Amino acid sequence: GPDDSSFVWQKNGQKMKACITEQSHMLFDGRVHVLSWVKDSVSENTEYKCSFLSKVGNMTSQVLITVEDEDRAGQDGWTKEFDTWRSAISEHDKMMQNWRKTW
């Protein structure tokens, strides 16, 4: 990533300033691996947008989180899926920390 790169997070069209984590790791060829994520909780349908901005170009991704009634049967499935995602993010973080130590 270019040295002027930055992330802009929006929640329902409003710029977010809290709950944002960013990591960057230098690669062997001089490039930089940059990662950003948000830790947040929602009680209603919420749209998140993440924009990566730099002099080289910009890219935006977005996702709509749909909240269902807690009484619905799908809650157990969501909890398992959430645990899987949390585990994957934790593993990725450990891997990146190990890479940082190695470099």
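Our structure's up above, just so we're on the same page.
As the structure is a prediction and not an experimental result, all values here were calculated from the model. (Residues numbered from 1 in each chain as written. Predicted model: local features only at pLDDT ≥ 70, side-chain atom pairs only at ≥ 80, totals over all residues. Heavy atoms only, no water.)

K.L.:
Provide a residue-level description of the overall build of the protein chain, including the pertinent values.
P.N.:
Within the protein chain, the secondary structure is distributed over one helix and six strands. Seen in sequence order, the protein chain has helices and strands lined up from the N terminus as β-β-β-β-β-β-α. In the protein chain, which comprises 103 residues, the proportion classed as buried is 14%. Just so you have it, the protein chain exposes about 8100 Å², and 51% of that area is on carbon and sulfur atoms. (Helix = DSSP H or I, 4+ residues; strand = E, 2+ residues; numbered from the N terminus. Buried < 20%, exposed > 50% of the residue type's maximum accessible area, 1.4 Å probe, protein only. Areas by Shrake-Rupley, 256 points an atom, 1.4 Å probe, with all protein chains shown as cover.)

K.L.:
Summarise unusual backbone geometry; cite the residues concerned and give the values.
P.N.:
For Asn12, which is not glycine, the phi torsion reads 50 degrees and is therefore positive. Here Asn12 is to be found in the loop between strand S1 (6–11) and strand S2 (14–15). The class of Asn12 is partly exposed, set by a relative accessible area of 40%. The backbone phi angle of Cys19 is positive, close to 70 degrees, even though this residue is not glycine.

K.L.:
Break down the environment of Val8 for me, with residues and values.
P.N.:
For Val8, the position within the fold is in strand S1. Sequence-wise, Val8 and Thr60 are 52 residues apart; in three dimensions their C-alpha atoms are separated by 9.1 Å. Ignoring sequence-local partners within four residues, the contact set of Val8 consists of Lys15, Lys49, Cys50, Ser51 and Leu53. (Contact = heavy atoms within 4.5 Å.)

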